Amino acid sequence: MNINRVKILAFKEWREILRDRLFFSLAFVAPISMMLVFGYGIKMDVENIPFAILDQDRSAMSRDYLHLFIDSRYFDYQGDVANEREIDNLIAGSKIRFAIIVPPKFQQTLLSGRPIAVESLIDGTFPSRASISKGYVAAINNAFNTQLLTAYMSQKMGTTPEKVAGFVSPIKIQLRYLYNQEIKSIWSIAPLMMMFILLMMPPLLTALGVVREKENGSIYNIYSSTITRGEFLIGKLFPYVVISCINVVILWLMAIFIFGAPFKGDPVFFFIASVIYVTCTTGIGLLVSLIAKTQVSAMMITVLVTMVPAILYSGLMVPIASMDAASKFEAHLFPAMYYTEITLGGFLKGVGMDELWTHAAALLLYTLVLWLASFSLFHKRVKA
Amino acid sequence: MSLMARIIEGKRYHWWSRMAAMTGKELLQLGRDTVLVCAVLYLFTLDVMMAGGVKMDLNQGAIVVHDADHSMASRELIYRFQPPYFKMLGEILNEKEGVRLLDHGEALVVLDIPPKFQHDLLQGKPTAVQVQVDASNTILGTLAASYSAQIIGQYGFDAALQRMGLTGESLEAVPMVDDRHRVWYNPNQKDAWFMSISELLTVITVLAMLLPAAAAVREKERGTIEQLLVSPLTPIQILLPKVISMTLVILIGTALCVGLVLYGFFEIPIKGSLPLFFLVTALYTFAMSGLGLFISTISRNLAQAAMLVMMIMMPIILLSGAWTPPEAMPDGIRQAMYFSPLYYYIEMAYDILLKGAGLAVLWDSLLSLSLLGSVVFIFGVWRFKRQFG
């Protein structure tokens, strides 16, 4: 390995990147704008669910009951409907996500001391949204039942409602959210976006950079030169790794100063792990560029092999713990999952080396495998 | 037939035959890039299948318990934390152990039951159960917290009823509102139905922008655009075949995906009209290809085009309601969504495929998509014509 040759190649590559102004600025602007859009844009909380009411009783009690829904911040009241057919159309056209039907004689039945069923219709197209809505309905219903039962028991036992309250709801729940007490979703989204952006951008930059030489034919200059395979790969990729490392710092600063996410972990460990991660994702780009012949296909494959795992197998939207065995196995095959643990550990949990070294080691191993695979796939001799 | 008419007809014939030849050329060029063809096939089949296997809900959330009471009541409460939402990993002896498990991400929830839990419950004295949740991933944390609260709340309510002697038949004489919900269109709430359609729509979006943009930029980068410009082709004849051929590829891929994956593999009951769905898809693909053409005019090489596609595509996908509920978006972004073609396309795709909605319900979304699509497409064509006209 001749360091001088590596240096020269890296310098040539750097020049080439720098001279393509649009490409160079996009290499920094794209991650920053992605971070801004997602940071301000993603909200996973299910709130303001649009709903409609069909009140067939129109009594004081049904109004009380329905007002629990109307006043809730989780639901967004869209108005009353006259019959069930109207509900059909509203849900089919996605104008409302859920409707509640209070049957006739609601008040009469309850006052006479008998139970009654209330029907809620939920749009199931988005299953997780449907189950969260179901949870909200159940919670509001429970609150109303507790009121009813308190009133009923105090009447029956002849005591004040305050005394009965202890009987009706005996267990208090003390919920403690660890690592993110106010459950600010931006705190967890900002570190997760670092993982996401650093998985998508470095391979794209790299793959395009290498395949461009192949497509334009300038790679033949390399083939006929004295530079060795290893020197070429390292020199070629060095500038891309540097760009990605700068992006790590930029995104880290954005997460802390723009989005206010607390960084509690060990910064040295975090940066070492991050450098390993971007070297690893750059390696993905390298491997892709050796398989693909044209820039279009390089781009497609890169988007393919990075976006799907970045969204689905990283813990970004779907927690690893919730996956079935097959998906969990696939998740372990992608580097995203390990870095998710490292960013969340560094930002929110304040854990460092001791807890996370296995993840960093996994990334390192992954990097080595990728680079070795690329090394063995790259030939200076053109196949006949 | 008069001479004039024959000339006009001849011209018209040439116009169409040139369009056909160019469309054929684009398809052939795409077909020769084996890796690209494989990637497109993969996206429409295996990728959608993989996405359908992912569950969005809390599934087997790891929970450990610190039980300081060891009574019938505490055991009954612990027993209620069951799959599919929770997976009880076992008991821990002290709180430190719980914190350690949470730090390592080995447990999601630590349940802490106080001493004298059963005693207090029987006495009607208030008692408190502590639930510690790892909220570093807020989505997961919130789900786990809400399910735990539901379970404990229900247990408390049941215990209260039991204590007051209100069980079984005597419950019939208590005023209570019973919540009966019906979930429509996906009664068993299979995540695969939602996820696979969502992924298909994402794939269509990516390809609808990327393929025409790439086809146009490649000609620029290789210099073959010069050959086309000196040929008797008008700019429209150069650009429309690119859009038409790529739309064709996308429609074939979509048909494959709907037939093999959505209907065949996941057994989604396709309720609405498939011709309407393909019509909407074609319209949407045209709109997005306008955006692709616009990108091809401002970039000089594919690398630039790829970066621009990424930059434009990501916000469109993530802010369209494909992954996140549109109602939950903050105010400014909610309004911005009305300018995203994908927002309307997603609404219509779900409404047609799962809900069986027809034109009567969807006309307003269709109108919005057509208007927005025309504007975007005409803008893209205008830019292209200005550059190459």
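This structure is a prediction, so every number in the text was calculated from the model and none was measured.

Visitor: Would you take a moment to explain helix H11 (residues 267-291) of chain A for this structure?
Guide: At 3.6 residues per turn, the α-helix brings residues three or four places apart onto the same side. Residues and elements named next belong to chain A. Between its first and last C-alpha, H11 extends 36 Å over 25 residues, near the 36 Å set by a 1.5 Å rise per residue. In terms of burial, H11 is largely enclosed, as 18 of its 25 residues are buried. Residue Asp-266 occupies the N-cap position of H11, its side-chain oxygen lying 3.1 Å from the main-chain nitrogen of Val-268.

Visitor: It is not clear to me how the nonpolar core should be interpreted in this structure. Could you clarify?
Guide: The tendency in soluble globular proteins is for nonpolar side chains to be buried side by side. By size, the foremost hydrophobic cluster in this structure holds 172 residues, and its most contacted members are Met-35, Met-194, Phe-196 and Phe-347 of chain A. Per-element accounting of this core gives the leading share, 19 residues, to helix H8 (residues 185-216) of chain A. Not counting chain neighbours up to four residues away, the residues in contact with Phe-196 of chain A comprise Met-34, Phe-38, Ala-310, Ile-311 and Leu-316 of chain A together with Met-314 of chain B.

Visitor: Can you walk me through the interface of chain A and chain B in this structure?
Guide: Accessible area lost upon the coming together of the parts is a frequently used measure of interface size. Every contact between the two is made by 125 residues of chain A and, on the other side, 125 residues of chain B. Of the roughly 11000 Å² buried between chain A and chain B, counting both surfaces, carbon and sulfur atoms make up 66%. Between Asp-134 of chain B and Lys-349 of chain A there is a salt bridge, with the nearest N and O atoms lying 3.2 Å from each other. Where chain A packs against chain B, one counts 21 residue pairs in polar contact (both at pLDDT 80 or more). In terms of residue count, helix H6 (residues 127-157) of chain A provides more of the side of chain A that touches chain B than any other element does, 20 residues in total. By residue class, the composition of the side of chain A that touches chain B is 73 nonpolar, 29 polar and 23 charged. For strand E4 (residues 116-123) of chain A and strand E5 (residues 177-184) of chain B, the ladder comprises eight bridges, and the chain directions are parallel. Bridged to Glu-119 of chain A within E5 of chain B is Arg-180 of chain B.

Visitor: I would appreciate a short explanation of empty space enclosed by the protein in the present structure.
Guide: Empty space left among the atoms is revealed by rolling a probe the size of a water molecule over them. Applying the stated criterion across every chain yields a total of ten cavities of 30 Å³ or more. Considered as a void within the structure, the largest cavity measures approximately 160 Å³ in volume. Met-307 and Val-308 of chain A together with Leu-43, Asp-47 and Glu-199 of chain B are, among the 14 residues lining the largest cavity, the residues nearest its centre. Elements that contribute at least two residues to the lining of the largest cavity include exactly helix H12 (295-312) of chain A together with helix H2 (34-52) and helix H7 (191-222) of chain B. The dominant element in the lining of the largest cavity, judged by the number of residues it contributes, is H12 of chain A, at seven residues.

Visitor: Explain the sheet that holds strand E2 (residues 86-91) of chain B here, please?
Guide: Two pairing modes exist for strands in a sheet, parallel and antiparallel, and in both the strands are linked by backbone hydrogen bonds. Strand order in this open sheet of five strands is E5(A)-E4(B)-E3(B)-E1(B)-E2(B), and the pairing throughout is mixed. Only two strands of the sheet have a single neighbouring strand rather than two, namely strand E5 (171-178) of chain A together with E2 of chain B. Each strand of the sheet is rotated relative to its neighbour by a mean of 25°, with strand direction disregarded. Inspection of the sheet shows strand E3 (residues 109-113) of chain B paired to strand E4 (residues 127-134) of chain B by four bridges, in the antiparallel sense. Bridge pairing links Val-110 of chain B to Gln-132 of chain B in E4 of chain B.

Visitor: When you look at the domain arrangement of chain A in this model, what are you seeing that I'm missing?
Guide: Segmentation of chain A into domains returns domain 1 (3-42 + 184-377) and domain 2 (49-168). Using only C-alpha atoms to locate each centre, domain 1 of chain A and domain 2 of chain A end up separated by 49 Å.

Visitor: I'm lost on the pattern of salt bridges in this one. Help?
Guide: Opposite charge on two side chains makes pairing possible when the charged atoms of those side chains draw close. Applying the stated criterion across every chain yields a total of 24 salt bridges over all chains. Here Arg-80 of chain B ties to Glu-76 of chain B by a salt bridge, and the two come within 3.7 Å at their closest N and O atoms. Given a relative accessible area of 38%, Glu-76 of chain B falls into the partly exposed group. Beyond isolated ion pairs, a larger network of salt bridges with shared partners links Lys-12, Glu-13, Glu-16, Glu-213 and Lys-236 of chain A.

Visitor: What is the right way to look at the packing of H7 of chain B against helix H13 (residues 341-353) of chain B in this model?
Guide: Helix-helix packing is characterised by the crossing angle of the two axes and by the distance between the axes. Residues and elements named next belong to chain B. Running from N to C, H7 and H13 cross one another at 140°; their axes reach a closest spacing of 11 Å. On the basis of their axis angle, the class for H7 and H13 is oblique. Like other packed secondary-structure pairs, H7 and H13 cross with a definite hand, here right-handed. Of the residues in H13, those in contact with Phe-194, Ile-197, Ser-198, Leu-201, Ile-204 and Thr-205 of H7 are Leu-342, Tyr-345, Ile-346, Ala-349, Tyr-350 and Leu-353. Taken together, the residues that form the contact of H7 with H13 break down as ten nonpolar, two polar and no charged.

Visitor: Honestly, the sheet that holds E4 of chain A in this entry has me stumped. Any pointers?
Guide: Here we have five strands laid out as an open sheet, ordered E2(A)-E1(A)-E3(A)-E4(A)-E5(B), and mixed in their pairing. The sheet is open, and its two edges are formed by strand E2 (75-80) of chain A together with E5 of chain B, each paired on a single side. Neighbour to neighbour, the strand axes of the sheet diverge by 25° on average, direction disregarded. Where strand E1 (residues 49-55) of chain A and E2 of chain A come together, four bridges link them in parallel fashion. Paired with Phe-51 of chain A across the bridge in E2 of chain A is Tyr-77 of chain A. Seen against the sheet, helix H3 (residues 60-70) of chain A touches E1, E2, strand E3 (98-102) and E4 of chain A together with E5 of chain B and runs at an angle of roughly 165° to E3 of chain A.

Visitor: Is there a simple way to think about the side chain of Ser-62 of chain A in this case?
Guide: Structurally, Ser-62 of chain A is set in helix H3. A polar contact of 3.1 Å, which involves the side chain of Ser-62 of chain A, links it to the backbone oxygen of Ser-59 of chain A.

Visitor: Can you help me understand helix H10 (residues 229-258) of chain A in this one?
Guide: All names here are of chain A. The end-to-end C-alpha distance of H10 is 43 Å, a good match for the 44 Å that 30 residues give at a rise of 1.5 Å each. Remark: the principal bend of H10, roughly 35°, maps to Phe-238, with a proline, Pro-239, within the next four residues. Remark: Gly-260 follows H10 within two positions and exhibits a positive phi of approximately 70°.

Visitor: What is the right way to read a nonpolar patch on the surface from this model?
Guide: Residue and element names in this part refer to chain A. Together, Leu-36, Tyr-40, Val-249, Leu-253, Phe-257 and Ile-258 line one region of the surface with nonpolar side chains, adding up to about 570 Å² of accessible area. Of all the secondary-structure elements, those providing two or more residues to the nonpolar patch are helix H2 (21-41) and H10. Residue contributions to the nonpolar patch peak at four residues, all from H10. If you trace the backbone, Ile-258 turns up in helix H10.

Visitor: How do you make sense of the pairing of E1 of chain A when you look at a structure like this?
Guide: Residue and element names in this part refer to chain A. Of all seven residues in E1, seven are buried, a share of seventy percent or more. Going residue by residue along E1, you find Ile-49, Phe-51, Ile-53 and Asp-55 tucked away on one face and Pro-50, Ala-52 and Leu-54 tucked away on the opposite face as well. Between the parallel pair E1 and E2, the chain is carried across by H3, and the sense of this crossover is right-handed. Here E1 pairs with E3 via five bridges, running parallel.

What counts as what
- Residues numbered from 1 in each chain as written.
- Chains lettered and ligands numbered in written order.
- Predicted model: local features only at pLDDT ≥ 70, side-chain atom pairs only at ≥ 80, totals over all residues.
- Heavy atoms only, no water.
- Helix = DSSP H or I, 4+ residues; strand = E, 2+ residues; numbered from the N terminus.
- Expected span 1.5 Å × (residues − 1).
- Buried < 20%, exposed > 50% of the residue type's maximum accessible area, 1.4 Å probe, protein only.
- Polar contact = N/O pair within 3.5 Å; in protein donor to acceptor, adjacent residues only side chain to side chain.
- Core = buried A, V, L, I, M, F, W, Y, C linked by side-chain atoms within 4.5 Å.
- Contact = heavy atoms within 4.5 Å.
- Buried area = accessible area lost by both parts, 1.4 Å probe.
- Salt bridge = Lys/Arg side-chain N within 4 Å of Asp/Glu carboxyl O.
- Nonpolar A, V, L, I, M, F, W, Y, C, P; charged D, E, K, R; others polar.
- Pairing = 2+ DSSP bridges.
- 1 Å grid on protein atoms, 1.4 Å probe; cavity = no way out; pocket = protein on both sides within 12 Å on 5 of 7 lines; lining within 4 Å.
- Points joined across faces, edges and corners; volume = space filled by probe spheres on them.
- Axes fitted to C-alpha atoms, helices over the stretch in contact; angles between N-to-C directions.
- Domains from an automatic or database assignment.
- Parallel < 35°, antiparallel > 145°, perpendicular 65-115°, else oblique.
- Left-handed = near helix turned anticlockwise from the far one by under 90°.
- Bend = angle between axes of the 7 residues up to and from the residue.
- Patch = residues over 30% accessible without salt bridge, like charges linked within 9 Å, V, L, I, M, F, W, Y side chains within 5 Å.
- Areas by Shrake-Rupley, 256 points an atom, 1.4 Å probe, with all protein chains shown as cover.
- Right-handed = clockwise from strand over helix to strand, strands pointing away.

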